[in-house]
Amino acid sequence: MAERTTLSSSSETRKSLFGVICVSFILLIISSSFLLRSNNSLLSESVLMLMAINSTLESTTKTKLLEPADSSTLGLQITNPKSNIGIEFRDISRSSDTGKKSKCDPNQAFLKVYMYDLPPDFHFGLLGWKPNGKKIWPDIGTAIPEYPGGLNWQHSMEYWLALDLLASNTNGGLSPCTAVRVNNSSFADVFFVPFFSSISYNRHSKLHGNKKISKNSLLQDKLVKFLMGREEWNKWGGKDHLIVAHHPNSMLMARDKLGSAMFVLADFGRYSNDTANLQKDIIAPYMHVVRSIKDDTLSFKSRRTLAYFQGAVYRKDGGIIRQDLYYLLKDEKDVHFAFGSAKENGITKAGQGMASSKFCLNIAGDTPSSNRLFDAIASHCVPVIISDDIELPYEDVLDYSKFCIFIKAPDAIKPGFILNLLRGIGPQEWTQMAQRVKEVAHHFEYQFPSQPGDAVQMIWGAVGRKLSSRRLKLHRENRYKRSQLKQQRF
């Protein structure tokens, strides 16, 4: 008991001493800044030091707050327990920070974005939002139009990007300011076209009554005419425009006509190479539909299922491999390979299954990609990717081989190949990969307000890098433009 008291006393002494040192250091910085106001360099360094200290303290505090009070048999803590998915909408109207910060400074932003003021029918009006008077955009400081739930969420990228741009112009510091909306198009780096194409396809692609053209097709036709008549489009032929078409069937009528723009896509499965390709377009993650795991002990033993897959087994095109794997794996005791859908609480069951599995199979379906990969990441389950034509989000900055296992389709259907590979991965190697999954998981989270490093900010970063390479190409093409015009006159 005496030893424990001595240790406690020693610990308290160290804490007190550390506190005195910190206070003294901060007072020294403050006094220095008053004595040396003319010395901008010293003042800047002091501010940076204070910012670093504050950041460290905040990080420590957040870590303590996230520690679970108790743990389940899997050691899991789930965010947003009232929902099937881990989306967070903070109550910005009650935030203590609201009104204390100014709008994003365009001069400090990574991207200056001009967002066309299209009528609400192209964006939030598709969600049922009805503006008052002639308003085009909702007042996100008071209320945010809800996006339809269920599987609609997985292709909702344009919704989150539009919200982030609106937030960049809102007092209260609601945006990380990676991308800032500018009102003067001449200042813009990129032009964002706010057409919610995925929900337009999902909700408005069917014909009603005696109509010969769907609302979805009509909106695409209007969009093409609008853009073709804009000076901003014609200046670069649309090469600096950003259009989200994440659902594989979205923008079917307009995609070829607007193919010079940068598309935000899930993959290139249903596009011609002339219309969409990796040189000009951005691959964005699906929004996962299972709950995010907030904390996880990543125990190799507690995740009793070796490999997990639940979904549609019989697919067309490249997805035929699913049924081959079904017959190979369905009877294995440590493998869960079963039919499944979103119906009858299917999403919740899939989330629980992934969270109790070591590896999660992501197999090509009707298209090379699916939200199953991002459900796995949200569940901290090491993804096994069996899709030879898949393209992955921001792969220029993320090395997926550190946290995913890739298997070529011809190898996957060899009897025993997958099982021998996965069973050969021991606790230490699996834990390292799972830990990396856990570390990168926040890059695949969509939320409002957006946070540094989340999916929205990662997409803006990818846009900036893609725009830079497109400008380089354009500038190189313009090298001899003047002399070529001169030559044509002779």
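Residues numbered from 1 in each chain as written. Predicted model: local features only at pLDDT ≥ 70, side-chain atom pairs only at ≥ 80, totals over all residues. Heavy atoms only, no water.

### Details of the nonpolar core
Part 1 of the reasoning: Core analysis: the largest hydrophobic core is formed by 86 residues, its most contacted members being Phe124 and Trp460.
Part 2 of the reasoning: With 9 residues, the top contributor of residues to this core is helix H3 (residues 157–168).
Part 3 of the reasoning: Not counting the four nearest positions on each side in its chain, Trp460 is found in contact with Phe110, Leu111, Val113, Leu161, Asp164, Leu165, Thr178, Ala179 and Leu242.
Part 4 of the reasoning: Listed in part, the 27 residues of the second largest apolar core include Leu361, Val382, Ile425 and Trp430. (Core = buried A, V, L, I, M, F, W, Y, C linked by side-chain atoms within 4.5 Å. Buried < 20%, exposed > 50% of the residue type's maximum accessible area, 1.4 Å probe, protein only. Helix = DSSP H or I, 4+ residues; strand = E, 2+ residues; numbered from the N terminus. Contact = heavy atoms within 4.5 Å.)

### Notes on the layout of surface pockets
Part 1 of the reasoning: Looking at the second largest pocket, its volume works out to about 910 Å³.
Part 2 of the reasoning: Along the walls of the second largest pocket sit 34 residues, with Leu151, Gln154, Arg315, Asn371 and Arg372 positioned nearest its centre.
Part 3 of the reasoning: Of the residues forming the lining of the second largest pocket, the biggest block, 4 residues, is contributed by helix H8 (residues 346–355).
Part 4 of the reasoning: Residues belonging to the lining of the second largest pocket are distributed by class as follows: 12 nonpolar, 16 polar and 6 charged. (1 Å grid on protein atoms, 1.4 Å probe; cavity = no way out; pocket = protein on both sides within 12 Å on 5 of 7 lines; lining within 4 Å. Points joined across faces, edges and corners; volume = space filled by probe spheres on them. Nonpolar A, V, L, I, M, F, W, Y, C, P; charged D, E, K, R; others polar.)

### Re the pattern of salt bridges
Part 1 of the reasoning: Overall, the coordinates contain 10 salt bridges when judged by the stated rule.
Part 2 of the reasoning: One salt bridge in this structure joins Lys225 and Asp221, with 3.4 Å as the shortest N-O distance. In this pair, Lys225 and Asp221 both sit in helix H5 (residues 215–228), 4 residues apart, roughly one turn of the helix.
Part 3 of the reasoning: We classify Asp221 as partly exposed; its relative accessible area is 31%. (Salt bridge = Lys/Arg side-chain N within 4 Å of Asp/Glu carboxyl O.)

### So, helix H12 (residues 427–440)
Part 1 of the reasoning: For H12, with 14 residues, the first-to-last C-alpha span of 20 Å sits near the 20 Å given by 1.5 Å per residue.
Part 2 of the reasoning: Along H12, the positions that sit buried rather than exposed are Trp430, Met433, Ala434, Val437 and Val440. When H12 is viewed along its axis, its buried side chains cluster within an angular range of 125 degrees and face the same direction. Exposed residues on H12 whose side chains face more than 90 degrees from its buried face are Gln428 and Gln432. (Expected span 1.5 Å × (residues − 1). Arc of directions from axis to C-beta.)

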